[in-house]
Amino acid sequence: MDKSNIYKDVDWPFMLAKYPLSLDIEGKPEQSFDIKKYYSILSKDVPYFINEYASVPSMQRLKGVGLLCGTDWTKLYKNRFVYSRYDHSIAVALIIWNFTRDKIQTLAGLFHDIATAAFSHVQEFRKGDALTQSESERGTEEIIRNDKVLCAMLEKDGISIESVRDYHQYPIADNDLPCLSADRLEYMFPSGASLLGSWNLEDVQKVYSDIVVLKNEMGIDELGFMHKEIAEFYCEKFCEIGHVLQLNENKLTMQMLAEIVRSAIELGIITEMDCMNLDEEQLLCKFRVFCTKGEMFGYYDKNAEKFGKLFNTFTEMESILHTDKRPFEDDKGFCVSIDVKQRYINPLVAASGTECKNRRLSDVSEKGANIIRDFLDYEDTKWGGVAFR
């Protein structure tokens with residue numbers, strides 16, 4: 001990594017210091033991200049069908065699934081508030097509705113995370129899919145078909161399951177990196193607000209009011225910006241949060257929780273279906289009960305004892321080691337050395353003046369090009385590790 005890389009010294013402690021956590025009189029993180037007000041920014045009107053379809057059992061389950069992949073449950077992170085996959089799904093639907101006024105596209109966006117298990121993308125880490133993190137979407141159609149209430153509503157409205165089972169078919173809803181879509185636009189607002197406090201509603205409003213539907217290089221509709229300066233502002237904030245998500249802290253947290261879930265299933269603490277049927281707090285309660293009994297009466301084997309160490313370390317850790325060599329043996333601590341999905345953006349900027357076509361930010365902004373280049377070039381240390389508690 002080049003020494004001039006803007007992210008070179010931007011580690012997790014630096015990010016926490018950049019956006020210091022404010023506490024209320026009860027010592028709890030102050031919340032400056034009112035979700036209802038946030039929704040009203042995304043769409044001035046909320047069509048009745050969004051709330052109607054969001055009330056079905058498969059959607060209500062998502063209220064117990066966090067957007068931030070288990071980071072709500074460890075002291076390593078200082079999340080300001082819990083934002084669920086249900087909250088995210090509603091917001092994505094509102095963005096799609098705002099820009100398309102199309103009911104079917106909006107519903108496809110509403111359902112896009114309907115198959116997401118507890119702890120979100122931790123399940124992909126458990127299944128070796130850290131690079132694409134798309135495993136959870138494969139069950140979308142099955143979940144929809146098995147929800148009889150949902151199927152009855154779709155049939156009543158004359159909407160086929162095929163038209164709403166895959167939001168990838170609608171480019172405003174989703175597209176490939178580094179393009180901007182409703183899903184990608186949405187998740188970075190609450191992610192930054194919760195993880196760092198880097199987004200407030202005023203900044204969300206400033207960015208969102210500048211977004212329009214543009215034609216990209218392939219003549220396909222894509223969300224983009226009217227003004228280069230706003231695109232730069234958004235890109236910088238987006239990549240800042242994306243940077244946090246590629247640090248070893250995030251890799252270790254998600255891989256450790258993946259190992260905890262895998263071990264819990266092997267030990268019979270939970271079942272595979274519990275990851276879909278129980279919310280995150282219920283699963284954590286089962287983990288705690290098992291560990292408490294183990295500490296009181298003794299763990300019955302080495303695998304059970306290791307589970308206890310993993311879970312206690314996950315919940316209580318407040319920092320990790322960054323090293324170029326493996327810092328611990330398996331019985332002394334947990335270590336991770338993996339590559340993960342890089343979340344960044346290179347949005348379209350609307351043509352202006354004598355320009356005849358919309359262009360990528362990196363093509364019209366040196367600042368934007370440098371941010372994207374440095375984000376992609378950054379590499380954390382080879383290993384991240386934490387000693388067992």
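So, here's what we can say about the structure. What you see is a predicted model; the values in this text were computed from it and never measured.

### A closer look at helix H19 (residues 366–377)
With 12 residues, H19 ought to run about 16 Å at 1.5 Å a step, and its terminal C-alpha atoms sit 16 Å apart, in line with that. Among all positions of H19, only Gly 368, Ile 371, Ile 372, Asp 374 and Phe 375 are buried. Around the axis of H19, the buried residues are gathered within 165° of arc, so they sit on the same side. Buried residues along H19 sit against helix H13 (228–244) and helix H18 (361–364). Here H19 starts with a cap whose side-chain oxygen sits 3.4 Å from the backbone nitrogen of Lys 367, and that cap is Ser 365.

### Details of the nonpolar core
Core analysis: the biggest nonpolar cluster contains 123 residues, and Tyr 38, Tyr 53, Phe 111, Leu 154, Tyr 234, Phe 287 and Phe 307 have the highest contact counts within it. The element best represented in this core is helix H5 (residues 85–100), accounting for 10 residues.

### Re the packing of helix H16 (residues 280–297) against helix H17 (residues 302–316)
Two numbers describe how H16 lies on H17: the axes approach to 10 Å, and their chain directions differ by 120°. The orientation of H16 relative to H17 falls into the category oblique. The way H16 lies across H17 gives a crossing that is left-handed. Counting all contacts with H16, which are made through Leu 284, Phe 287, Arg 288, Phe 290, Cys 291 and Glu 295, the residues of H17 involved are Ala 304, Phe 307, Gly 308, Phe 311 and Asn 312. Of the residues in the contact of H16 with H17, the class split is seven nonpolar, two polar and two charged.

### Brief notes about the packing of aromatic side chains
One pass over the full model with this rule turns up 25 aromatic pairs. Taking the ring centre of Tyr 86 as reference, the NZ or CZ of Lys 63 above it sits at 4.9 Å. Positioned over the ring face of Trp 199 is Lys 237, at 5.2 Å from the centre of the ring.

### Things to note about the environment of Ile 338
Along the chain, the position of Ile 338 falls in the loop between strand E4 (333–336) and strand E5 (348–349). With a relative accessible area of 25%, Ile 338 lands in the partly exposed category. If we ignore the near neighbours within four places in the chain, the residues touching Ile 338 are Phe 125, Lys 251 and Gln 255.

The rules we used
Residues numbered from 1 in each chain as written. Predicted model: local features only at pLDDT ≥ 70, side-chain atom pairs only at ≥ 80, totals over all residues. Heavy atoms only, no water. Helix = DSSP H or I, 4+ residues; strand = E, 2+ residues; numbered from the N terminus. Expected span 1.5 Å × (residues − 1). Buried < 20%, exposed > 50% of the residue type's maximum accessible area, 1.4 Å probe, protein only. Arc of directions from axis to C-beta. Contact = heavy atoms within 4.5 Å. Polar contact = N/O pair within 3.5 Å; in protein donor to acceptor, adjacent residues only side chain to side chain. Core = buried A, V, L, I, M, F, W, Y, C linked by side-chain atoms within 4.5 Å. Axes fitted to C-alpha atoms, helices over the stretch in contact; angles between N-to-C directions. Parallel < 35°, antiparallel > 145°, perpendicular 65-115°, else oblique. Left-handed = near helix turned anticlockwise from the far one by under 90°. Nonpolar A, V, L, I, M, F, W, Y, C, P; charged D, E, K, R; others polar. Phe/Tyr/Trp six-rings, centres within 6.5 Å; stacked < 30°, edge-to-face > 60°. Lys NZ or Arg CZ within 6 Å of the ring centre and 35° of its normal.

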